[in-house]
Amino acid sequence: MDTWRTWELVLPRLERRHDVLAPTLPGHAGGSPLPPDVDDDAIVDMLERTLDEAGWATAHIAGNSLGGYLALRLAARGRARSVVAFAPAGGWAVGDPAFAAVLRMQADLHTQTRAAAAQAVLSAGTPTGRRAATRLLTVRYEHLPEDLVAHLTLGVAACDALPLIEAALRTGYSLDAAAVACPVRVVWGTDDVLLPWPSTAVRFREDWLPHADWVELDGVGHAPQLDVPLEAAELILGLTAA
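Residues numbered from 1 in each chain as written. Predicted model: local features only at pLDDT ≥ 70, side-chain atom pairs only at ≥ 80, totals over all residues. Heavy atoms only, no water.

By the naming in an unreviewed UniProt entry, the chain goes by Aminoacrylate hydrolase RutD and is assigned to Paraconexibacter sp. AEG42_29.

Quick notes on helix α2 (residues 40-54)
The α-helix winds at 3.6 residues per turn, so residues separated by three or four positions along the chain end up facing the same way. Taking 1.5 Å per residue as the helical rise, α2 with its 15 residues ought to reach 21 Å, and the 21 Å between its terminal C-alpha atoms agrees with that figure. Buried residues belonging to α2 abut β1 (59-64), α3 (66-76) and α8 (161-171). One side-chain oxygen at the N-terminal end of α2 lies 3.2 Å from the backbone nitrogen of aspartate 41; it belongs to aspartate 39. Phi turns positive one or two residues past the end of α2, at glycine 55, with a value near 80°. (Helix = DSSP H or I, 4+ residues; strand = E, 2+ residues; numbered from the N terminus. Expected span 1.5 Å × (residues − 1). Contact = heavy atoms within 4.5 Å. Polar contact = N/O pair within 3.5 Å; in protein donor to acceptor, adjacent residues only side chain to side chain.)

What about the pairing of strand β3 (residues 184-189)?
A large share of β3 lies buried, amounting to six of its six residues. Pairing of strand β2 (residues 80-86) with β3 involves four bridges; the strand directions are parallel. Bridged to phenylalanine 86 within β3 is valine 187. Once the chain exits β3 it traverses helix α9 (residues 202-208) before rejoining the sheet at strand β4 (residues 213-217), and the crossover so formed is right-handed. (Buried < 20%, exposed > 50% of the residue type's maximum accessible area, 1.4 Å probe, protein only. Pairing = 2+ DSSP bridges. Right-handed = clockwise from strand over helix to strand, strands pointing away.)

Topic: the nonpolar core
In this structure, Leu72, Val83, Tyr173, Val184, Trp188 and Leu209 are the most contacted members of the largest nonpolar core, which totals 47 residues. Elements with a minimum of two residues in this core: α2, β1, α3, β2, α4 (98-116), α8, β3 and α9. The leading source of residues in this core is α3, at six residues. Counting residues in each nonpolar core, the second largest holds 17 residues, with Leu11, Leu14, Val215 and Leu235 among its members. (Core = buried A, V, L, I, M, F, W, Y, C linked by side-chain atoms within 4.5 Å.)

If you want it as structure tokens, here you go:
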């Protein structure tokens, strides 16, 4: 449910080497509206149009969580030169009840964040508030700017999350892994509490991407680009330079 600013601490390092496009996903605060019949294919279609509008036939693509999954879907359509997926969604084993439980927890989180949104700026001004706001994303939070934490909290509140969650519960996640021809690096924090490692990576590791470059980050949470931005940037640049 984050906006493009989840990558804010990583962008300066990437921009020294690349032209960078950091779009907000459809349905997220500041992104394009969701189509009436939202599903994975419709969102990937919209992301392809974003690449087209930028004049980019292909790009090195990095994404986190839902963004990591969508980056892999773009790769399966031939739009990626490389993919770095940080804790991509969709890797639960078939039939794992944690899949539905996590999505329902996110729906509850969205409701709670909307109710508390009026206090987001005030809360982000205290260490306790910043810890509470980022507890599902990071282990480290002390370095995160107050305005960034407030922005991301308000972004969660403004996200059109329920249609995305309902679509995921209805259709699940799929990947034409055989069509992914570019280099892929999958990065997971061992302290990820939103998509715990390794139980939520089973399909990626065993079925879809066993030959990817797998990187474990000890003591890192769900969003390495926030938790350890310098390391996250180097993991992206290490693959784009290969």
